[in-house]
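# Tertiary structure, described
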Amino acid sequence: MKILAYRINLENTVPFGNNAAYCVGTGRMNLALRHEYHKQLEKVQEDIGFAYIRGHGLFCDDMAVYHTYTEDGIEKEEYNFSYVDMVFDGYLSLGIKPFVELGFMPEQMASGSQTIFYWKGNVTPPVCYDKWARLVTAAVTHWIERYGSEEVISWPFEVWNEPNLPGFWKDADMEEYFKLYDVTSRAVKSCDARIRVGGPAICGVDDERWMRCFLEYCSENNVPLDFVTRHAYATEAPETDGRYVYQKLITPEAFMEELRQSRLIIDSFPQFSGMEMHITEFNTSYSPKNPIHDTNLNAAYIARVLSELGDCCASYSYWTFGDVFEETGVAFTPFSGCFGLLANGGIPKPTYLTYVFYKELYPEAVARSEHFIVTKSDSGDLRGVAWNPVDGQGGDITLRFLAAVKDGAYLLLLKTADEITCNPLKTWLDMGSPAYPSKRQTELLKECARPRITTKRLDVRDGDAEFEVLLTANAVCYFELQAITPETDRGFTQERIQGV
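Report follows, based on the coordinates. (Residues numbered from 1 in each chain as written. Predicted model: local features only at pLDDT ≥ 70, side-chain atom pairs only at ≥ 80, totals over all residues. Heavy atoms only, no water.)

## Describing the overall build of the chain
Keep this limit in mind: A run of H or I in DSSP counts as a helix once it spans at least four residues, and a run of E counts as a strand once it spans at least two, with each numbered from the N terminus. We compute the radius of gyration from the C-alpha atoms alone; for a globule the expected value is 2.2 Å times N to the 0.38, where N is the number of residues. Relative accessibility thresholds used throughout: buried, under 20% of the residue-type maximum; exposed, over 50%; partly exposed, between the two (1.4 Å probe, protein chains only). Throughout, a residue-residue contact means that at least one pair of heavy atoms, one from each residue, lies within 4.5 Å. Computed with a 1.4 Å probe, the accessible areas rest on the Shrake-Rupley method; for each residue, only the protein chains presented here act as cover. Just so you know, the count uses Lys and Arg for positive and Asp and Glu for negative, and it drops His and the chain ends. Where a charge lies is defined by one atom per residue type, namely NZ (Lys), CZ (Arg), CG (Asp) and CD (Glu).
Along the chain, the regular secondary structure elements total eleven helices and 26 strands. The C-alpha radius of gyration computed for the chain amounts to 25 Å, which stays within 12% of the reference 23 Å derived for 500 residues, consistent with globular compactness. Along the first, second and third principal axes, the C-alpha atoms of the chain reach 95 × 55 × 45 Å. A buried classification covers 56% of the 500 residues belonging to the chain. Restricting the contact set of the chain to residue pairs at least 6 apart, pairs at least 24 apart contribute 75%. Working note: accessible area of the chain is about 21200 Å², and carbon and sulfur atoms make up 48% of it. Charge centroids of the chain, computed over 47 positive and 71 negative side chains, lie 5 Å from each other.

Below, the structure is given as structure tokens:
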């Protein structure tokens, strides 16, 4: 076993912007009207507490927002925000705000018939940009009237989704998207100039050219732009096998380098230098049929990149919080390789615990490596997360820490999620991969999604606390070193208790 030793100096400060819980992704808006969806989001909010949520399909026909009718030979428009209100009311009731993605195109406004996904979101430009602008203005005005301007100006607004991909925007027409962004951003600002709007929401295809050209267009045409958005995924080209795809992971270093290049492009424009860059979608694979999302490897890899994403990004939205999701249709099994932190039935995947662990960290970091992040409180307690992603090579490692802390008694707490103790996918496979688990089977899967918890008492003398964190393959571990004041009841003698 490989042993790595580190000395932790509490006087150090290292870069660490922990925005893991800033935003999370979801399937299309209409799914939020379902009971299972709401239950999953409620659990996620209870355990993690994301600030924002972003998803597709706000203006798609299943939300019933846009309608036209003819009266006295004249075509007229009307809007219905009943379903949108139900969705946004539900979000706000759970303490999460919309990160508003403006799209896709209502059929009655679309210039073409091209659609994407099982639920057929129209991805063509509007037949009339004035109609689109009126729709955007009507929606934003409605939200201001319903929720108040101070609430709505706290929502970020993003224009469309991945227009650099022909599947999401007809012909991946750059000039046409720039026009859409121009019209949309001005329509949003006309409702309240304080509302923040951004784009271009591109993914990693020809991304550098798109990013540079987009910023040039906004600069040259004085187009409103408050933040820049893009997406990031960490896998190579897929290999298909039946309903599923399998992809190799790129290295965390290569994943981060793509984002750093975007950061450099933004900063190369004087008027945009330092502007927020939000990653409004990220995950390992971009396919909702890749079993990697259900694995401990996924959890360990995500733990690694979460420690670095804040270096160049204002936020990074995990795609997605749950598996009520239908891009390619309804999943046939609870472990279908879908994106969610939660499998259907409310079963936490290992990556769920990665986010739970990151929530517990303190704001100030004192040490960081490719294997861990360590943070401290004002009083000198330590909280950290460690990981060991093993993608075809490598093995178990032990992290040996020597922390310079005040003398006294401490509790060492370890919570470990690994393939041995927190692997609901393996349990599901062991029980025969039931497509429709019984209630009893579902409860067992939930039990097998819990971390292993161990504790140890440390009595520190001469200012050094020494402890180890064992990381088996694809493990993620939360660790905490907390000062305690031991108390004992009269006559309670630990040495006389058998089995402790």
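## Structural notes on the sheet that holds strand β25 (residues 464–471)
Stated precisely, the cut-off is as follows: DSSP calls a pair of strands paired once it identifies at least 2 bridges connecting them. Only the stretch in contact is used when fitting a helix axis, every axis being a line fitted to C-alpha atoms; angles between N-to-C directions are given from 0 to 180 degrees.
Across the sheet, three strands lie side by side as β1-β22-β25; this open sheet has mixed pairing. The sheet terminates laterally at β1 (2–8) and β25, the two strands that pair on one side only. The average undirected angle you get between the axes of adjacent strands in this sheet is 20°.

## Some points on the pattern of salt bridges
We apply this condition: By salt bridge we mean one thing: a side-chain nitrogen of Lys or Arg within 4 Å of a carboxyl oxygen of Asp or Glu.
Tallied over the full model, the rule gives 38 salt bridges. One salt bridge in this structure joins Lys-170 and Asp-171, with 3.0 Å as the shortest N-O distance. In this structure, the salt-bridge partner of Asp-323 is Lys-349, at a minimum N-O distance of 2.9 Å. Of this pair, Asp-323 sits in the loop between β16 (315–318) and β17 (342–343) while Lys-349 sits in the loop between β18 (347–348) and α9 (350–359), and the two are 26 residues apart along the sequence. Across the pair, exposure class does not vary: Asp-323 and Lys-349 are buried alike. Through salt bridges that share partners, Arg-28, Arg-34, Asp-62 and Glu-326 make up one connected network.

## Notes on the environment of Ala-386
Assignment of secondary structure puts Ala-386 in strand β21 (residues 382–387). For Ala-386 and Arg-368, which are 18 residues apart along the polypeptide, the C-alpha to C-alpha distance reads 9.6 Å. If we skip the residues at most four places from it in the chain, Ala-386 touches His-371, Phe-372, Leu-399, Val-469, Leu-471, Ala-475, Val-476, Cys-477 and Phe-479.

## Looking at the layout of surface pockets
With a probe scaled to a water molecule rolled over the atoms, the places where space remains empty come into view. Quick note on the threshold: A pocket here means an open set of points on a 1 Å grid, computed over the protein atoms alone, that has protein on both sides within 12 Å along at least five of seven lines. A cavity is instead a set of points where a 1.4 Å probe fits but cannot get out; residues with an atom within 4 Å of a point line either one. Grid points are joined across faces, edges and corners, and a volume is the space filled by probe spheres set on the points. Any residue outside Ala, Val, Leu, Ile, Met, Phe, Trp, Tyr, Cys, Pro, Asp, Glu, Lys and Arg is labelled polar, Gly included; the first ten of those are nonpolar and the last four are charged.
Within this model, the largest pocket holds a volume of roughly 490 Å³. Lining of the largest pocket is provided by 21 residues; of these, Pro-252, Pro-389, Val-390, Asp-391 and Gln-393 occupy positions nearest its centre. For the lining of the largest pocket, the secondary structure elements donating two or more residues are α7 (252–267) and α8 (296–309). With three residues, α8 is the single largest residue contributor to the lining of the largest pocket. Here the second largest pocket defines a volume of roughly 280 Å³. For the second largest pocket, the lining is made up of 17 residues, of which Val-330, Ala-331, Thr-333, Pro-334 and Asn-344 are closest to its centre. Along the lines of polarity and charge, the residues of the lining of the second largest pocket split into ten nonpolar, four polar and three charged.

## Quick look at helix α2 (residues 82–93)
The condition is simple: Expected span of a helix, by definition, is 1.5 Å for each gap between consecutive residues, and there is one gap fewer than residues.
For α2, which comprises twelve residues, the first-to-last C-alpha distance of 16 Å matches the rise-based estimate of 16 Å (1.5 Å per residue) to within 8%. The set of residues buried in α2 consists of Val-84, Asp-85, Val-87, Phe-88, Gly-90 and Tyr-91. As for α2, its buried residues are in contact with α1 (35–47), β3 (52–54), β6 (97–98) and α3 (129–147). Phi turns positive one or two residues past the end of α2, at Gly-95, with a value near 75°.

## Looking at the pairing of β21
Taking burial as the measure, the six residues of β21 include six buried ones, the bulk of the element. Residues Leu-382, Gly-384 and Ala-386 of β21 are buried on one face, and the alternating residues Arg-383, Val-385 and Trp-387, pointing to the opposite face, are buried as well. By the bridge criterion, five bridges tie strand β20 (residues 372–376) to β21 in an arrangement that is antiparallel. Within the sheet, the bridge partner assigned to Phe-372 lies in β21 and is Ala-386. If you look at the hairpin formed by β20 and β21, you'll find five residues sitting between the two strands, and Gly-380 has a positive phi there, around 100°.

Such coordinate-based values are descriptive only and should not be taken to indicate function.
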